[in-house]
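Spelled out from the first residue to the last, the chains are:
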Amino acid sequence: MNLHPATTEQLIERYHKPLYWHIRRMVVRHADAQDVLQETFIQIFEHADELRDRKQERAWVYRIATNEALQWLRSKHKFVSLDADDADTSTLIKTLTADPYTDTGDALVLLFQKAVLALPTMQRTVFNLRYYDDMPYDEIAAVTGSSAGAARTNYHIAKEAISNYILAHQ
Amino acid sequence: MKQKQIFDFSRVGKRTPYHVPESFFDKSRKKLVRKSRALSKAQSQTASAPQSQTAPARPLRPWVRYAGIAAGVLVLFSVAGLWHFARHESPVEAVYTSEGDLYDYSWEEFAEADIFLDEMDW
């Protein structure tokens, strides 16, 4: 850890909310998101000297958060991989409705989130980064370790899949 | 031609069903700041601590090394010798019967037969 304490506090100030929401959308349960967020920041503090380019800061912290969330999901469900197309997403959908910090009042919002959770892991990650965090495709590529073209394709496939899911379940 | 139906994403926008307990972000930020300060403090203490005085391992004296090699060679030869004798079969002596048939006797059998012949009253 070579960062000045003031710099780490700036990182916390800047990213702790967006990273929490990114992690929450991946792991679903509030208590789990809280744990993964803590673990993410520990990784950020410990590997801060590996961040060479400040312009890549956001992609770097999101990459750590994504990896931590995937590692957590893998330890719990043993199926999650950014390369896997056959992720068993029904567990995540069940978790969504079971978590006390899920608002089930708006049926359409809930259905939309179920449609997002039904996506394969890579598509879901790309969709969340683009749709909720407005991240450009080249930055998404840096987070997921793919190309900007692949990120664009994944986003459009995900959008179509969500649309189909909602129309089929409405 | 039937037009493909597409869901209007603006109906949901960026709303999600997720919510957090009250003052969660404030508590979480404070906890992270405490953790980062503790880590930073621990690291600066480690950096200022004197380096450990562990002496490098001394090389072995020459006679210890040679004795070790000799012992190794001795053990190797002993094992090879034991293995050789364990596998070695007793020599076979060709003995012909009065009918001209060939009997194969091992040394032990031959020695036994010899004793037996000695004891016989010719």
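### What about the interface of chain A and chain B?
Then, number 1: Listed by partner, the interface residues are 45 residues for chain A and 29 residues for chain B.
Then, number 2: Summing both sides of the interface, chain A and chain B together bury roughly 3600 Å²; the carbon and sulfur share of this comes to 67%.
Then, number 3: Note that Asp134(A) is salt-bridged to Lys14(B), the shortest N-O span being 2.7 Å.
Then, number 4: Seen at the junction of chain A and chain B, the total is eleven residue pairs in polar contact (both at pLDDT 80 or more).
Then, number 5: Elements that contribute at least two residues to the side of chain A that touches chain B include exactly helix 1 (5–27), helix 2 (30–46), helix 5 (107–117), helix 6 (121–131) and helix 8 (148–169) of chain A.

### Thoughts on the side chain of Arg24(A)
Then, number 1: Inspection of the secondary structure puts Arg24(A) in helix 1.
Then, number 2: Judged by relative accessible area, which is 0%, Arg24(A) ranks as buried.
Then, number 3: Only 3.0 Å separates the side chain of Arg24(A) from the side chain of Asp99(A), close enough to count as a polar contact.
Then, number 4: At a separation of 3.0 Å, a polar atom in the side chain of Arg24(A) contacts the main-chain carbonyl oxygen of His19(B).
Then, number 5: Among all residues touching Arg24(A), those that are not within four sequence positions of it are Arg29(A), His30(A), Ala33(A), Asp99(A), Tyr101(A), Thr102(A), Tyr18(B), His19(B) and Val20(B).

### A short note on the packing of helix 7 (residues 137–144) of chain A against helix 8 of chain A
Residue and element names in this part refer to chain A.
Then, number 1: Where helix 7 contacts helix 8, the axes come no closer than 8 Å and their chain directions differ by 100 degrees. In terms of their interaxial angle, helix 7 and helix 8 are classed as roughly perpendicular. Contacts from Tyr137, Asp138, Ile140 and Ala141 of helix 7 reach helix 8 at Ala148, Ala151, Arg152, Tyr155 and His156.

### A short note on the side chain of His22(A)
Then, number 1: Relative to the helices and strands, His22(A) resides in helix 1.
Then, number 2: Setting aside its immediate chain neighbours within four residues, His22(A) contacts Tyr62(A), Ala65(A), Thr66(A), Leu129(A) and Asp133(A).

### As for a nonpolar patch on the surface
Residue and element names in this part refer to chain B.
Then, number 1: Taken together, Tyr66, Ile69, Val73 and Phe77 make up a surface patch of nonpolar side chains, about 470 Å² in accessible area.
Then, number 2: Following the sequence through the fold, Tyr66 ends up in helix 2 (residues 62–87).
Then, number 3: Judged by its relative accessible area of 59%, Tyr66 falls in the exposed class.

Thresholds, definitions, all that
- Residues numbered from 1 in each chain as written.
- Chains lettered and ligands numbered in written order.
- Predicted model: local features only at pLDDT ≥ 70, side-chain atom pairs only at ≥ 80, totals over all residues.
- Heavy atoms only, no water.
- Contact = heavy atoms within 4.5 Å.
- Buried area = accessible area lost by both parts, 1.4 Å probe.
- Salt bridge = Lys/Arg side-chain N within 4 Å of Asp/Glu carboxyl O.
- Polar contact = N/O pair within 3.5 Å; in protein donor to acceptor, adjacent residues only side chain to side chain.
- Helix = DSSP H or I, 4+ residues; strand = E, 2+ residues; numbered from the N terminus.
- Buried < 20%, exposed > 50% of the residue type's maximum accessible area, 1.4 Å probe, protein only.
- Axes fitted to C-alpha atoms, helices over the stretch in contact; angles between N-to-C directions.
- Parallel < 35°, antiparallel > 145°, perpendicular 65-115°, else oblique.
- Patch = residues over 30% accessible without salt bridge, like charges linked within 9 Å, V, L, I, M, F, W, Y side chains within 5 Å.
- Areas by Shrake-Rupley, 256 points an atom, 1.4 Å probe, with all protein chains shown as cover.

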